[in-house]
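# Descriptive analysis of the structure
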Amino acid sequence: MDFFQSIAMGFQVALQPGNLFFCFIGVLIGTLVGVLPGLGPVAAISLLLPTTFHVTPVSAIIMLAGIYYGAMYGGSTTSILVNIPGEAASVVTCLDGYQMARRGRAGPALGIAAFGSFIAGTIGVLGLMLIAPPLAEFGLKFGPPEYFSLMTLGLTILTFLASGPMWKALLMAAFGLFLGCVGMDTLMGAPRFTWDIIELSDGIGLVPVVMGLFGISEVLLNVERSMERSVFETKIRHLLPDLKDWGESIFAILRGTVIGFFLGVLPGGGAVISSFVSYAVEKKISKYPEKFGTGMIPGVAGPEAANNAATAGAFIPLLTLGIPANAVMAILLGAMMIHGMQPGPMLVKEHPDLFWGAVTSMYLGNVMLLVLNLPLIGLWVKILKVPYPILFPLILLFCLIGGYSLNNSLVEVFIMVIFGLIGYLFKKFEYEGAPLVLALVLGPMMETALRRSLLLSAGDPLIFLSRPISATLMSLSLFLLAYPLIPWFRKKRALLPKEDKED
Amino acid sequence: MPVTFGEVIKVVRMERFNNDQVSAAVWFAAGIIICLAALRYDLGDFASPGTGFMPLLAGLAIVFFSFLGLVHGTLRRKQGVGWKPSLRGLRWKKSLVVVAALFAYILLLPPLGFSLCTALFIGFLLRTVKPQKWPVVAAGSVLTSLGSYAVFELWLKAQLPKGPWGF
């Protein structure tokens, strides 16, 4: 099947009324999640995962993907109007977006954020379409050692990009790997660390862990702080940026798209890092770098484009190699497996309807977002005014119902609350949850790949260094692990933005 | 010379260590426990790794990285980085109330059923964390309970626990 036939088939799938509906619901919920501070795409996708059990896998993935890129759109609204990022990838939008709003230019700021996101999202999806199939072909050359080395690289990149000392991120990854060992040993069929609890024989579920770490812990942190927030009171008009705004923004959008897409592809990279890098680039090449932070429109356009392009890029390692690039992709991986799909090189061949349907739905989703975001900004502002003391019990209830309805089991709910407490402590002691989540998902796959590799090589660990692809990936991991030991690089790493939880 | 109670308290006071030292020590202990637990399973050998192989590796990694953390924390302590209280100035009792409510919800869900338990849970949180007026509490708890029942049980066919009265 050639490229254009595949796209045609993808549109045929994505344009089915049911799939269109789920795409719409996904981007709507995603925008809402992006708008509401304290609830990010990771928690939202986890919460809504159980609701997709009764729909087809294609519809489920279309909706869950819609939540992810929808959240990137919605996040800019709170950054611009309230100076509070709706999710981590919009932190940098606060710098100039809020200043534009204070100067009475909230409309163009919101407008350029929406248009920039649309352009970047659309180009990103095009890149995904072009790059994913050949990469999947390349992925067929991978054996257990290559997979193990690739997953090691993914984890290493994520720990490298995490904020704070690297030992903390590595500790979290190691703990995640241990949690991934709980349950049945897939090679031997023996139970491990299950303490005769039936629910644990399938392992510790990703969804309760994620909802606990990112949903419940966030509520616990928020309720102990002041729960007041004020929405910037201004009349939002002239949402369409004028020609001068476009002139100042268009190249920032294109640069942000390229930066975001390639950083999104990188396992462990993502929307947060790409938005910061884009901002830094815009500031560096601007004729007026000193004015950044006072309401410069490229400071909004570039990062917003970057974080949206990164979402498209992040799908590439998942759909082609079965490797999630970040915590959101880890949940999507779990969702696909629940629906009986195995993401990886064979996905494009075995389930072309899912692959091309999901990818083309992103085009439609981007159009829906553009249509949704501009006229509904007034509604989002009203929702922002819902007081947090009213909102947080609902967030907790969604977590509880979501945790319970996974397997109709209170054990999962209990695990979720425990991880809520653990996540709360992690945040108090400045440990990031993202490496843990990625390691929890990759853990069982890494273990299988490691043990198979050692079986293949009769116990020789040099197998990881004797095969070219594996050796390259492993060398990159070792380089990144050694990188912070060099003082100059350590200082550079300390300047990296906080990747934190959600991206 | 006998050690006074006050001196013992002073020795174990958190202020002697910084946050990284304390958390790394906890991780170190956790890593040791994981290693010991992994040894209960068949480790196999490099040519044929067994069930306990990967948990042991993970446990050893935790021990190693937490040791690095202890060293790092101690070096920072010597540079003057001390204990940073993470609860000072915060209304941490509110978090405690929320956690208690979550555990109570888990305990009461089977005997009370979803609707009543949810109404009580929402009402309790609305009234205690940042107290709302009683009409808001009553309306919020009843509407949330009914609404979530309609969405999850009736529409999405989630099988939520039912109390003695069938809802």
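The following refers to the structure shown. All figures in this text were calculated on a predicted structure; none of them were measured in a lab. (Residues numbered from 1 in each chain as written. Chains lettered and ligands numbered in written order. Predicted model: local features only at pLDDT ≥ 70, side-chain atom pairs only at ≥ 80, totals over all residues. Heavy atoms only, no water.)

On to the overall build of chain A, then. Looking only at helices and strands, chain A features 22 helices and two strands. Here the C-alpha radius of gyration of chain A, 22 Å, is about what a compact globule of 503 residues would show, namely 23 Å. Taking the principal axes of its C-alpha atoms as reference, chain A extends roughly 70 × 55 × 45 Å. In chain A, which comprises 503 residues, the share counted as buried stands at 64%. (Helix = DSSP H or I, 4+ residues; strand = E, 2+ residues; numbered from the N terminus. Rg over C-alpha atoms; globule rule 2.2 N^0.38 Å. Buried < 20%, exposed > 50% of the residue type's maximum accessible area, 1.4 Å probe, protein only.)

This next bit is on the packing of aromatic side chains. Evaluated as defined, the whole model comprises 24 aromatic pairs over all chains. Grouping aromatic residues by their ring pairs yields a cluster made of A:Trp167, A:Phe175, A:Phe426, A:Tyr431 and B:Trp27. Over the ring of A:Tyr431 we find A:Lys168; its NZ or CZ atom is 4.9 Å from the centre of that ring. Positioned above the aromatic ring of A:Tyr288, the side-chain terminus of A:Lys291 is 4.8 Å from the ring centre. (Phe/Tyr/Trp six-rings, centres within 6.5 Å; stacked < 30°, edge-to-face > 60°. Lys NZ or Arg CZ within 6 Å of the ring centre and 35° of its normal.)

Tallied over the entire structure, the rule returns 14 salt bridges over all chains. One salt bridge in this structure joins A:Glu447 and A:Arg451, with 2.7 Å as the shortest N-O distance. Of this pair, A:Glu447 and A:Arg451 both sit in helix α19 (residues 434-456), four residues apart, roughly one helical turn. Each member of the pair, A:Glu447 as well as A:Arg451, carries the same accessibility label: buried. A salt bridge links B:Glu153 to B:Lys162; the shortest N-O distance between them is 3.0 Å. (Salt bridge = Lys/Arg side-chain N within 4 Å of Asp/Glu carboxyl O.)

Taking 1.5 Å per residue, 26 residues should reach 38 Å; helix α3 (residues 53-78) of chain B reaches 38 Å between its end C-alpha atoms and fits that length. Residues B:Phe53, B:Met54, B:Pro55, B:Leu56, B:Ala58, B:Gly59, B:Ile62, B:Val63, B:Phe65, B:Ser66, B:Gly69 and B:Gly73 constitute the buried set of α3(B). (Expected span 1.5 Å × (residues − 1).)

Time to look at the interface of chain A and chain B. On the side of chain B, 63 residues touch chain A, which itself brings 59 residues to the contact. Carbon and sulfur atoms supply 78% of the area that chain A and chain B bury against each other, a total of about 5300 Å² over both sides. Where chain A packs against chain B, one counts two salt bridges. B:Lys84 is the salt-bridge partner of A:Glu430, the closest N and O atoms lying 2.9 Å from each other. Where chain A packs against chain B, one counts eleven residue pairs in polar contact (both at pLDDT 80 or more). Sorting the residues of the side of chain A that touches chain B by element identifies α8 (166-181), β2 (191-192), α9 (206-223), α17 (388-407), α18 (410-428) and α19 of chain A as the ones contributing at least two each. Sort the elements by how many residues they give to the side of chain A that touches chain B and α17(A) lands first, with twelve residues. Residue composition of the side of chain A that touches chain B, grouped by class: 43 nonpolar, six polar and ten charged. (Contact = heavy atoms within 4.5 Å. Buried area = accessible area lost by both parts, 1.4 Å probe. Polar contact = N/O pair within 3.5 Å; in protein donor to acceptor, adjacent residues only side chain to side chain. Nonpolar A, V, L, I, M, F, W, Y, C, P; charged D, E, K, R; others polar.)

This brings us to unusual backbone geometry. All names here are of chain A. Not every positive phi belongs to a glycine, and Trp195 is a case in point at roughly 45°. Locating Trp195 in the fold gives a position in the loop between β2 and α9. For Trp195, a relative accessible area of 64% puts it in the exposed group. Located in the positive-phi region is Glu430, a residue other than glycine, with phi close to 60°. As for its placement among the helices and strands, Glu430 is situated in the loop between α18 and α19.

Taken by themselves, the reported measurements are silent on function.
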